[in-house]
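Take a look at the letters that make up each chain.
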Amino acid sequence: MAILDGKALAKKIRASIKKEVDSLKKESIIPGLAFILVGDNPASQVYVNMKTKACEEVGIYSINHRMPSEISERELIEVIKMLNDNPMVDGILVQLPLPKHLNEEKIIETIDYRKDVDGFHPYNMGRLARGNPLFISCTPYGIMKLLNEYSIDVKGRDVVVVGAGNITGKPMALMLTNSGATVQICHIYTQNLKEKTKRADIVISAVGKPNLITEDMVKEGAVVVDVGISRVKDRVVGDVDFEGVSKKASYITPVPGGVGPMTIAMLLYNTLQSVKFRK
Ligand code: NAD
C-alpha cells in the first residue's frame, strides 16, 4: 500500500505558483482573490482563514468580505457585482453553505463566470460536462492531479464515486468520464453500495460519513480516495476506515493530508489561471 500524499504535492504546486506570481509582479500584475463569508459558521471561518493564509504565502492579494448572517440577498448580490467589476479581483469565492434565506443558486450565478475560481457557476459546470472546461471545481481537480502524480491512469478503469454533491461528486464523475473512465455515481438512495464499490478499480468517497467505506467493500489493489471530512470527538476523519482499507488498497489518501491540501492548492492555481485568461 502506498499513500497518495496530497500534502507533499500541494506544497510543490504552491511553490510553482509562487514562482509564477513573483514573475507576474515584475510586470506589475498582482493576482487578487476575494472571499465572501456570510455568518459565523465555525467550519467556514476555518476554511476561509486557511485559504487566506495560502494566498498570502504565494503572494496572491486577498480581500475578505465578512458579512452578518442577516444580510439580505440584494445586499449580497450588490457586493458580488462590485467585485465582478473590480479589475483588481481575478477570483471570487463565496464560502458555502449560505444561511437558509439566501438562494445559493442565485448567488453563484451572480458571480462572473470568468472569476468563478471555485468552478461552481452553471456555465463552468456546463463547460466541464461538454469536455471543454474553463474553471474546474478545486476538489475534483486536485484529485485528478494527485492521481496523475502517481501515474494512476483512469482510462478504461471502473470508478465508483460515492456522493453526488455539486462540489465534488458530480464534477468528479464528469472529469473522470472526460478522461476515459467508466464511472458509476452512488448516493444516499443507492442499493447495495458494497456490491458496486467491490467491483471498482478506483473508489472515491465524498459523503461526510465516518466509516462508510470499510475493508470488505473494496477489492484487492484498489485505489481509494477519501474526500470526506467529519469531526469525531477532537479528530478530523474521512469516510474511509483507513486502517482496514489500507490493508487491501494499492494507493490510499490519508485524512488529513490527502485531498484537503490539494483543494486549496487548486484554488490558488485557478486564480492564477484567471489572471492568464484575462491577459
Ligand atoms: P453534499 O451534501 O453536497 O453531498 C453528499 C452526498 O453524499 C449526497 O449525494 C448524498 O446523497 C450522499 N450520501 C449521503 N449519505 C450517504 C450514504 N450513506 N451512502 C452513500 N451516499 C450518501 O456534500 P459535499 O459538499 O459533496 O461534501 C461531502 C463531504 O466531502 C463532506 O464531508 C465535506 O466536508 C467533504 N469535502 C471535503 C473537501 C476537501 O477538500 N477534503 C472538499 C469538499 C467537501
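Cut-offs and rules
- Residues numbered from 1 in each chain as written.
- Predicted model: local features only at pLDDT ≥ 70, side-chain atom pairs only at ≥ 80, totals over all residues.
- Heavy atoms only, no water.
- Pairing = 2+ DSSP bridges.
- Helix = DSSP H or I, 4+ residues; strand = E, 2+ residues; numbered from the N terminus.
- Axes fitted to C-alpha atoms, helices over the stretch in contact; angles between N-to-C directions.
- Contact = heavy atoms within 4.5 Å.
- Expected span 1.5 Å × (residues − 1).
- Buried < 20%, exposed > 50% of the residue type's maximum accessible area, 1.4 Å probe, protein only.
- Arc of directions from axis to C-beta.
- 1 Å grid on protein atoms, 1.4 Å probe; cavity = no way out; pocket = protein on both sides within 12 Å on 5 of 7 lines; lining within 4 Å.
- Points joined across faces, edges and corners; volume = space filled by probe spheres on them.
- Nonpolar A, V, L, I, M, F, W, Y, C, P; charged D, E, K, R; others polar.
- Near = heavy atom within 4 Å.
- Polar contact = N/O pair within 3.5 Å; in protein donor to acceptor, adjacent residues only side chain to side chain.

Sheet strands pair via backbone hydrogen bonds, and the direction of the pair is either parallel or antiparallel. Strand order across the open sheet formed by 3 strands is β3-β2-β4, with parallel pairing between neighbours. At either end of the open sheet lies a strand with only one pairing partner, and these are β3 (61–67) and β4 (91–94). On average, each strand axis in the sheet is inclined to that of its neighbour by 15°, with strand direction left out of account. Inspection of the sheet shows strand β2 (residues 32–38) paired to β4 by 4 bridges, in the parallel sense. For F35, the partnering residue across the bridge sits in β4 and is L93. Contacting β2, β3 and β4, helix α2 (residues 42–58) runs over the sheet at an angle of about 170° to β2.

The first and last C-alpha atoms of helix α3 (residues 73–85) sit 19 Å apart over 13 residues, in line with the 18 Å expected at 1.5 Å per residue. Residues E73, L76, I77, V79, I80, L83 and N84 constitute the buried set of α3. What you see down the axis of α3 is that its buried residues fit within an arc of 160°, all on one side. Facing away from the buried side of α3 by more than 90 degrees, the exposed set consists of R74 and D85.

To continue, consider unusual backbone geometry. Looking along the chain, the bond that leaves L96 and enters P97 is cis, with omega of 0°. Residue placement: P97 occurs in the loop between β4 and α4 (104–110). The omega torsion across V255 and P256 is 0°, close enough to zero to call that bond cis. With respect to the helices and strands, P256 occurs in the loop between β11 (251–252) and α10 (259–278). Although it is not a glycine, N211 adopts a positive phi angle of roughly 60°. With respect to the helices and strands, the residue N211 is situated in the loop between β7 (202–205) and β8 (223–226).

What follows is about the side chain of D201. Mapped onto the elements, D201 comes out in the loop between α8 (193–197) and β7. Under the relative-accessibility criterion, D201 is labelled buried at 17%. Setting aside anything within four residues of it in sequence, one finds D201 in contact with R157, D158, K219, A222 and V223.

Attention now goes to empty space enclosed by the protein. This model, assessed by the stated rule, comprises 1 cavity of 30 Å³ or more. When the residues that make up the lining of the largest cavity are grouped by side-chain class, the tally is 5 nonpolar, no polar and 2 charged.

Taken together, the neighbourhood of the ligand is formed by 20 residues, with A164, I188, G208, I229 and T263 sitting nearest. For the ligand, an oxygen atom lies 3.0 Å from a polar atom in the backbone of I188. At a separation of 3.0 Å, an oxygen atom of the ligand approaches a polar backbone atom of I229. Per-element accounting of the shell around the ligand gives the leading share, 3 residues, to α10. The class makeup of the residues in the shell around the ligand is 10 nonpolar, 9 polar and 1 charged.

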